[in-house]
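Inside the fold
The lines below spell out each chain.
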Amino acid sequence: MRTDAFALRHIGPSEDDLQKMLKTIGTETMEQLIFETIPDDIRLKSALNLEPAMTEYEFANHIKKLGDKNKMFQSYIGLGYHQAIIPAVIQRNIFENPGWYTAYTPYQAEIAQGRLEAILNFQTMVIELTGMEIANASLLDESTAAAEAMALLFDVRSREQKKNNVNKFFVSEEILPQTLSVLQTRSTPIGVELVIGNHEEFDFSNDFYGAILQYPGKFGQVYDYAGFIAKAKANEIKVAVAADILSLVKLTSPGEMGADVVLGTTQRFGIPLGYGGPHAAYFATKEEYKRSMPGRIIGVTVDTDGNRALRMALQTREQHIKRDKATSNICTAQVLLSVMAGMYAVYHGPKGLQYIANKVHASAVTLANELEKLGLYQINTAYFDTIVVKTAAKNVKAIAERNEVNFYYIDENTVSISLNETTSIADLNKIVAIFAEANGKQATTISELQNGNQIPASLERTSNFLQHDVFNKYHSETALMRYIKMLERKDLALNHSMISLGSCTMKLNAASEMLPLSMAQWNNIHPFAPLDQAQGYQEMLAKLEQQLNVITGFAGTTLQPNSGAQGEYAGLMVIRAYHQSRGDYHRNIALIPSSAHGTNPASAAMAGMQVVVTKTLDNGNIDVEDLREKAILHAANLSCLMVTYPSTHGVFESAIREITQIIHDNGGQVYMDGANMNAQVGLTNPATIGADVCHLNLHKTFAIPHGGGGPGVGPICVAPQLVPFLPTNPVIPTGGEQAITAISAAPWGSALVCLISYGYICMLGAEGLKKATEVAILNANYIKEKLNGHYDTLYSGEMGRAAHEMILECRPFKEKGIEVTDIAKRLMDYGFHAPTVSFPVAGTLMIEPTESENLEELDRFCDAMISIRKEIESATIENPNNILKNAPHTLMMVAADTWIYPYTREQAAFPLDYVAENKFWPTVRRADEAYGDRNLVCSCAPIEAYI
Ligand SMILES: *Cc1c(COP(=O)(O)O)cnc(C)c1O
């Protein structure tokens, strides 16, 4: 037997352990278990047609060679993407550190204080640079953030402006092309009418509810928007501004001009280009819109002892609660990237950022002066980092490419040059030489940056920013390294113990999959670079699409969506386009089972669909008769069914083929939510169950780490009839022949992290992928068996098996005064992150171990759960002073001189033997949700608090 197969590293249990586990659950063989779990009529009959598995070493060589096919030109293309310097201390201690990248969204605040603080820093940075009141914890990219702004202002228009019937939204022609495309996609289904034009000619007519401007404009012209915003305000038109974050260091903030929303990307704050992403978008607005704000907001509150604690605020805004009334479907965002961008600000501080912004500006000024000496004039009358030169573009392009330099060619006679933090004097001389050669002139040599100011006095930033302590004391590497470590130690991630969050698939994110992300050949490519410079990427992305086609059984894939929820939205928009192509404009009903994830109805609403909820039977399955009735009732207008498979209840429903047939018989398409794909790969697939389109969460099933709440990649895979409608991009065309407009800013979404899923599939191969799925199912059934008699499992398949996850009943413990949250918090004392709490059934826990956890870890977890079950037994409703209600127990509490609890310190902190060896200390006691929501604070304490 080979011992270098990646499958042996990825899959937790050994062969011997697998045999023991099969015995424990009362099955002879793996084949038998799968037979008892997955309905026979949907089982794949042959192996996935994939290339033979590579070893880790082979993959490392392969990806290096492939990377060499990407040409690393200097990029001055701009358009929202700029080369950036990742501070090495951040690269090594965050970007490449599993303590940061393997964490989940901070649902369990007490063991997530580190990244919560890092995100609070990010929010503070955004609030101050934009001049706004509140900011969120990131969005997916600048263009989708602009669409969220359009939707937020649409949502509040009737409340504020009494503009119930007003649906026009003005878009400045200075907006980035990819943003315009995303706005077009998002506006049509919800009934917003975009009017594109010159902001200086806008007539402020009353039938507009809002407007969006780009600051500076797409080719670098800096406009003073104060007049526009004032006039808009006078006419009750709300204004969003998409702003370049680095320019705000030098420019008057949009907040000071009166903007209602300010958004943009933080990519150039130390995040690699990565051929388009992932990068964190920022979104800031006024306090009065806090309840309509998309995405997560981190807020300050207090814990049980009154100490400061952080947690996600205002959760009732989210789609989990609001479902089809939600105005946004953002779930996974870009947390890891926002942590890095925030840390970039911590590292550089206000002075460092000023130095960088001044240097970039001086580079642009120097270049403009030098080109002028050659008789070449640039046309921006005010600018920060981008100049626009009038010259024959063709000549320049040929010489530039020979010199491995990319500019943006606006038209035959116009070239745009965006400078960045990496631009050196040597780079400037190279640029000048290119333009000189193209015009038959002799270049002069620049020896130092020239002082000069191309920012009008009225737009010079005068307000302070980043005065807080945190931005002013970690400027040495030792100090920052220790600050990062201090935060990391507060957080429980996969490098500590299993995170069995049901539906989230927290599996191994292997080092071999992650390493290529740090290679410049992969991370330093501009998304709008010419295709012939990105051949390594093109090959890798095409292969990944092909692999996903094979795995899902479908005909085409787009990698554009940056999260599962964006995949849902993309899939529904593709279905919509398909119906419309057949003249069926009226098909707008989406059937969604009541157990669906909150993003499903929210995405359907975004796609302009009307949601009809179908019933769930007592046994958790879809009520087929109810579904049939509703499909027939709505047959004339049926657009689609959204169904999760295996179900959110962790069961392979045997009626699935009948269900998909009913939809097809009534003219609808079937959308499969692929969040549970980890139970399908290699054993069955969406095409076989009769679906037409599915999204995959590459950050669940295909090993991209969750990053503490992002990045994510949510490709959709589609049947042949939907392929023509896959989305395009306005700068680099992608997608089908009748492509819908863009879903995301970048043509291939978060291309950089697609390397991880590509590596995962290449290294596991057909056999390894199938084995991974089988072990995921076995691990879940093993836990189910071990906990049997202690906890009831809510749902199982016809032969008593769970799929890859299961739901534990916890509601009866209310009789003893114990809520499911108490169990979640007590698990922290045992060194575990809680499973998913109260989804899809309130008052329950949903456990998904994944294939990466070995038998010892599964046993430790089961021992913890059984021990907690005994603790519940001795709890009483009369006396809430018990070990569960008081959990988690902090080190401060246990080490304190006074101890006022009716159990010992040892029971509190070291309840089982294994705990002592690897103790994890939560750093705060329970965070008070209600207090924090009543007193919303979403930035670092004001400077006065430190005095
Ligand atoms: C995770 C999940 C989603 C949403 O995916 P994101 O990537 O977080 O947007 C949708 N449906 C189900 C069932 C999920 O588990």
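Residues numbered from 1 in each chain as written. Predicted model: local features only at pLDDT ≥ 70, side-chain atom pairs only at ≥ 80, totals over all residues. Heavy atoms only, no water.

Identification of the chain as Glycine dehydrogenase (decarboxylating) from Flavobacterium aureirubrum is taken from an unreviewed UniProt entry. Its UniProt record, at the heading Cofactor (unreviewed entry), says of the chain: "pyridoxal 5'-phosphate". What UniProt records for the chain under Subunit (unreviewed entry) is the sentence "The glycine cleavage system is composed of four proteins: P, T, L and H." (UniProt positions renumbered as here; feature names shortened; annotations may be inferred.)

Take the UniProt feature "domain: Glycine cleavage system P-protein N-terminal" (unreviewed entry) in the chain next. As annotated by UniProt and renumbered to match this structure, "domain: Glycine cleavage system P-protein N-terminal" (unreviewed entry) occupies residues 9-435 and 453-723. From the first C-alpha to the last, residues 9-435 spans 53 Å; its make-up is 41% helix and 15% strand. Secondary structure within residues 453-723 divides into 33% helix and 12% strand; the distance between the first and last C-alpha atoms comes to 51 Å. (Helix = DSSP H or I, 4+ residues; strand = E, 2+ residues; numbered from the N terminus.)

In this chain, Tyr-215 is followed by Pro-216 through a cis amide linkage whose omega measures -15 degrees. Topologically, Pro-216 is positioned in the loop between strand E5 (208-215) and helix H10 (226-234). Cis peptide bonds are those with omega within 30 degrees of zero, and the linkage from Ala-887 to Pro-888 qualifies with 0 degrees. Looking at the element boundaries, Pro-888 is found in the loop between helix H27 (855-873) and helix H28 (891-895). Despite not being glycine, Phe-204 shows a phi value in the positive range, around 55 degrees.

Here the focus is the site of the ligand. Around the ligand, 14 residues are found, and the nearest of them are Thr-332, Ser-503, Asp-673, His-699 and Lys-700. One of the side-chain N or O atoms of Thr-332 is found 2.7 Å from an oxygen atom in the ligand. For the ligand, whose accessible area on its own is 380 Å², the fraction buried by protein is 99%. The leading source of residues in the shell around the ligand is helix H20 (residues 564-581), at three residues. The residue inventory of the shell around the ligand, partitioned by class, reads three nonpolar, eight polar and three charged. (Near = heavy atom within 4 Å. Polar contact = N/O pair within 3.5 Å; in protein donor to acceptor, adjacent residues only side chain to side chain. Areas by Shrake-Rupley, 256 points an atom, 1.4 Å probe, with all protein chains shown as cover. Nonpolar A, V, L, I, M, F, W, Y, C, P; charged D, E, K, R; others polar.)

Attention now goes to the domain arrangement of the chain. What the domain assignment reports for the chain is domain 1 (354-458) and domain 2 (520-764). Computed over C-alpha atoms, the centres of domain 1 and domain 2 are 43 Å apart. (Domains from an automatic or database assignment.)

Bringing the packing of helix H22 (residues 624-633) against helix H23 (residues 656-665) into the picture now. How two helices pack is summed up by the angle between their axes together with the distance between the axes. Packing of H22 against H23 brings their axes to within 9 Å, and their N-to-C directions diverge by 10 degrees. The orientation of H22 with respect to H23, classified from their angle, is roughly parallel. For the pair H22 and H23, contact is made by Val-624, Leu-627, Arg-628 and Ala-631 and by Glu-658, Ile-659, Ile-662 and Ile-663, respectively. Looking at the contact of H22 with H23 residue by residue, the class counts come to six nonpolar, no polar and two charged. (Axes fitted to C-alpha atoms, helices over the stretch in contact; angles between N-to-C directions. Parallel < 35°, antiparallel > 145°, perpendicular 65-115°, else oblique. Contact = heavy atoms within 4.5 Å.)

Turning our attention to the sheet that holds strand E6 (residues 238-243). Read from one edge of the open sheet, seven strands run E2-E8-E7-E6-E5-E3-E4, paired in mixed fashion. At either margin of the open sheet sits one strand with a lone partner, and together these are strand E2 (134-135) and strand E4 (193-197). As paired elements, E2 and strand E8 (residues 281-285) share two bridges and run antiparallel to each other. Within E8, the position partnered with Ile-134 by the bridge is Thr-285. In the packing of helix H7 (residues 113-130) onto the sheet, the strands contacted are E2, strand E7 (261-265) and E8, and the crossing angle to E8 comes to about 60 degrees. The sheet contacts of H10 involve strand E3 (168-172), E5 and E6, and relative to E6 the element is tilted by about 155 degrees. (Pairing = 2+ DSSP bridges.)

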